[in-house]
Amino acid sequence: RIYQNGQFTGSVLVSVKGEVIFKKGFGYACIEDSILNTCDTKFRIASFTKPFTVMLVLQLIEDGKLDLDGKLTDYLPEFPEEKGKDITIHQLLTHTAGITGEWRIPNLIDIEKEYYTRERLLSCISERDLVFKPGEGREYSNFGYALLGLIIERVTGKTYDEVLIEKVCKPAEMKNTLSDVNALPIDNRATGY
């Protein structure tokens, strides 16, 4: 009924005690090209990636590779010292680091559509002023989580995707979960609307 009312597009799977009782795609994966959603369509999970990042950070803390109270500049020394010296991993995780939120970035939609190298992403984030002194406010920030992703890469020597697959996806048998890199072709990828 929700689909018939034009309020849903996506894929649905219902299982009871491990037995699949219903699965079906609804609507379009790509409206412009009239590509329908199927049960194999891959969707962007956007901010649902943040819990994966939290899990990876906590695993690295448990492994002794990160410190919850460690400073941003301890892990990314190329981040401007005057801005990053007081920002902790904990503050990045809790959106209390003072890193700008999305509503302050007028061209964010363009930034998210384009592939940014790690260096360019770091530059894009570090050139913006902090919106408050670290620990003295709260502002939801994708950029703060992007910094956590760069820190994960720095301390492991692997890409975020490699760490995600190794520490989360493989153990959980999640075979179709990966980070969304616009520059890479992903079979059955839905357009993010």
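In what follows, the structure referred to is the one given above.
Chains are numbered independently. Their residues run from 1 in the order of the written sequence. Whole-chain, interface and lining totals are the exception, using all residues; otherwise, since this is a predicted model, local features are given only for residues with pLDDT of at least 70 and side-chain atom pairs are given and counted only at 80 or more. Only hydrogens and water are set aside when side-chain values are computed; all heavy atoms of the structure are taken into account.

**Examining the overall build of the protein**
Then, in step 1: A run of DSSP states H or I qualifies as a helix once it reaches four residues; a run of E qualifies as a strand once it reaches two. Both are numbered from the N-terminal end. Summing up its helical and strand segments, the protein has eight helices and four strands in all.
Then, in step 2: For the protein, the N- to C-terminal ordering of α and β elements is β-β-β-β-α-α-α-α-α-α-α-α.
Then, in step 3: Seen through its C-alpha atoms, the protein measures out along the principal axes to roughly 55 × 40 × 30 Å.
Then, in step 4: Each residue's exposure class comes from its accessible area (1.4 Å probe, protein chains only) as a fraction of the maximum for that residue type: buried when under 20%, exposed when over 50%, partly exposed otherwise. Buried positions account for 36% of the 193 residues belonging to the protein.
Then, in step 5: In this description, contact between two residues means that some pair of their heavy atoms is separated by no more than 4.5 Å. Within the protein, contacts between residues separated by at least 24 positions form 59% of all contacts whose residues are at least 6 apart in sequence.
Then, in step 6: As displayed, the protein has an accessible area near 12,100 Å², and 52% of this comes from carbon and sulfur atoms.
Then, in step 7: A gap of 5 Å separates the mean positions of the 24 positive and 29 negative side-chain charges of the protein. Working definition of accessibility: Shrake-Rupley area with a 1.4 Å probe, residue cover restricted to the visible protein chains. Charged residues are defined here as Lys and Arg on the positive side and Asp and Glu on the negative side; His and the ends of the chain fall outside this count. Here the site of a charge means NZ on Lys, CZ on Arg, CG on Asp, or CD on Glu.

**A closer look at a nonpolar patch on the surface**
Then, in step 1: On the surface, Val-14, Val-16, Ile-21 and Phe-22 cluster together into a nonpolar patch covering about 330 Å² of accessible area.
Then, in step 2: Using a relative accessible area of 34% as the deciding quantity, one classes Val-14 as partly exposed. Residues enter a patch when their relative accessible area is above 30% and they make no salt bridge; the linking distance is 9 Å between like charges and 5 Å between nonpolar side chains (Val, Leu, Ile, Met, Phe, Trp, Tyr). Definition used for salt bridges: Asp or Glu carboxyl oxygen within 4 Å of a side-chain nitrogen of Lys or Arg.

**Description of the pairing of strand β2 (residues 19-26)**
Then, in step 1: Should DSSP find at least two bridges between two strands, the strands are taken to pair. Two elements, strand β1 (residues 10-16) and β2, share seven bridges in a ladder whose sense is antiparallel. Paired with Ser-11 across the two strands is Gly-25, which belongs to β2.
Then, in step 2: What sits between β1 and β2 in their antiparallel hairpin is a turn of two residues, with Lys-17 showing a positive phi close to 50°.

**Regarding unusual backbone geometry**
Working note: non-glycine residues mostly have negative phi, and peptide bonds are mostly trans.
Then, in step 1: At Ser-34, a position not held by glycine, the phi torsion is positive, near 55°.
Then, in step 2: In this structure, Ser-34 sits in the loop between β3 (28-30) and β4 (35-36).
Then, in step 3: At His-95, a position not held by glycine, the phi torsion is positive, near 60°.
Then, in step 4: Among the structural elements, His-95 can be located in the loop between α4 (89-93) and α5 (108-113).

**Concerning the packing of aromatic side chains**
Then, in step 1: We call Phe, Tyr and Trp rings a pair once their centres come within 6.5 Å, taking the six-membered ring for Trp, and we label the pair stacked below 30 degrees between planes, edge-to-face above 60, and tilted otherwise. Taken as a whole and assessed by the stated rule, the structure comprises two aromatic pairs.
Then, in step 2: Between the aromatic rings of Tyr-3 and Phe-26, the centroid separation amounts to 5.3 Å while the plane-to-plane angle is 55°, which identifies the pairing as tilted. Here Tyr-3, found in the segment before β1, pairs with Phe-26, found in strand β2; they are 23 residues apart in sequence, far enough to count as distant.
Then, in step 3: Look at Phe-26 and you get buried, because its relative accessible area is 16%.

**Brief notes about helix α7 (residues 142-156)**
Turn by turn, an α-helix covers 3.6 residues, leaving residues three or four places apart pointing in a common direction.
Then, in step 1: Multiply 1.5 Å by the residue count of a helix minus one, and that product is the helix's expected span. Between its first and last C-alpha atoms α7 spans 21 Å; for 15 residues at 1.5 Å apiece the expected length is 21 Å, and the two agree.
Then, in step 2: Within the sequence span of α7, burial applies to Phe-143, Gly-144, Tyr-145, Leu-147, Leu-148, Gly-149, Leu-150, Ile-151, Ile-152 and Glu-153.
Then, in step 3: Looking at the packing, one finds that the buried side of α7 touches α1 (50-62), α2 (72-75), α4, α6 (118-126) and α8 (160-169).
Then, in step 4: Capping the start of α7 is the job of one residue whose side-chain oxygen sits 3.3 Å from the backbone nitrogen of Phe-143: Ser-141. For this analysis, a polar contact is any N or O atom pair within 3.5 Å, provided that within protein one partner can donate a hydrogen and the other can accept it, and provided that sequence-adjacent residues contribute only side-chain to side-chain pairs.

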